[in-house]
Amino acid sequence: MGRPFLQFVTDDSPRMVCVSCGRDVASCGRIIWEGYMGAQEPAFLLRGTVNLEQTGSPRHEHLSTGLYTLMDVVCTGCKSPMGWQYLEASQEEQKYKEGATLLRHSMLKKVTS
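Residues numbered from 1 in each chain as written. Predicted model: local features only at pLDDT ≥ 70, side-chain atom pairs only at ≥ 80, totals over all residues. Heavy atoms only, no water.

## What about the packing of aromatic side chains?
Phase 1: Under the counting rule described, the total for this entry stands at two aromatic pairs.
Phase 2: Taking the centre distance of 5.1 Å and the plane angle of 75° together, the rings of Tyr-68 and Tyr-86 count as edge-to-face. Residue Tyr-68 is located in strand E6 (residues 66–75), and its partner Tyr-86 is located in strand E7 (residues 81–89); the two are separated by 18 residues in the primary sequence. Residue Tyr-68 shares its accessibility class with Tyr-86, and that shared class is buried.
Phase 3: An angle of 75° between the planes, with centres 6.4 Å apart, marks the rings of Trp-84 and Tyr-86 as edge-to-face.
Phase 4: An aromatic cluster is defined as three or more aromatic residues linked by ring pairs; in this entry it consists of Tyr-68, Trp-84 and Tyr-86. (Phe/Tyr/Trp six-rings, centres within 6.5 Å; stacked < 30°, edge-to-face > 60°. Helix = DSSP H or I, 4+ residues; strand = E, 2+ residues; numbered from the N terminus. Buried < 20%, exposed > 50% of the residue type's maximum accessible area, 1.4 Å probe, protein only.)

## Thoughts on unusual backbone geometry
Phase 1: The backbone phi angle of Asn-51 is positive, close to 60°, even though this residue is not glycine.
Phase 2: Tracing the backbone through its elements, the reader meets Asn-51 in the loop between strand E4 (41–46) and strand E5 (52–63).
Phase 3: Positive phi outside glycine occurs at Lys-79, with the angle close to 65°.
Phase 4: Judged by its relative accessible area of 44%, Lys-79 is partly exposed.

## Comments concerning the pairing of E7
Phase 1: The sheet contact formed by E6 and E7 spans seven bridges and is antiparallel. What sits directly across from Val-74, in E7, is Pro-81.
Phase 2: Hairpin connection from E6 to E7: five residues lie between these consecutive antiparallel strands, with Lys-79 at a positive phi of about 65°.
Phase 3: In the sheet, E7 pairs with strand E8 (residues 101–104) via three bridges, with the strands oriented antiparallel. The residue of E8 that forms the bridge with Gly-83 is Leu-103. (Pairing = 2+ DSSP bridges.)

## Section: the side chain of Ser-80
Phase 1: The residue Ser-80 is located in the loop between E6 and E7 in this model.
Phase 2: Here Ser-80 falls in the buried class, since its relative accessible area comes to 12%.
Phase 3: One polar contact links Ser-80 to Ser-20, side chain to side chain, over a distance of 3.3 Å.
Phase 4: Contacts of Ser-80, omitting those with residues within four sequence positions, involve Ser-20, Val-73, Val-74, Cys-75 and Met-107. (Polar contact = N/O pair within 3.5 Å; in protein donor to acceptor, adjacent residues only side chain to side chain. Contact = heavy atoms within 4.5 Å.)

Read these as spatial facts, not as claims about activity.
Below, the structure written as structure tokens:
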């Protein structure tokens, strides 16, 4: 087993880190939408996440805005479940979510330094 490959948020925005292990996860400047609900709890929709890996198999799920193909994501450091990635959206007006990641507020900590 090799050494883990870590990525870091490099822009000037505050960043979000995994609440469990402190690894960089995303830049606050990459938030698409803050008012999401994921699995009954508040979540962010983001682009350009780092240090996350897909786990399990893709699944089809009916959410309030349509049918999606989703894949769960976990932190690469501690394997904590963080949320999911949108692989495919069935409705044209929801295609902007494809490739974006939904991350639960409770799994993130905002860091400004």
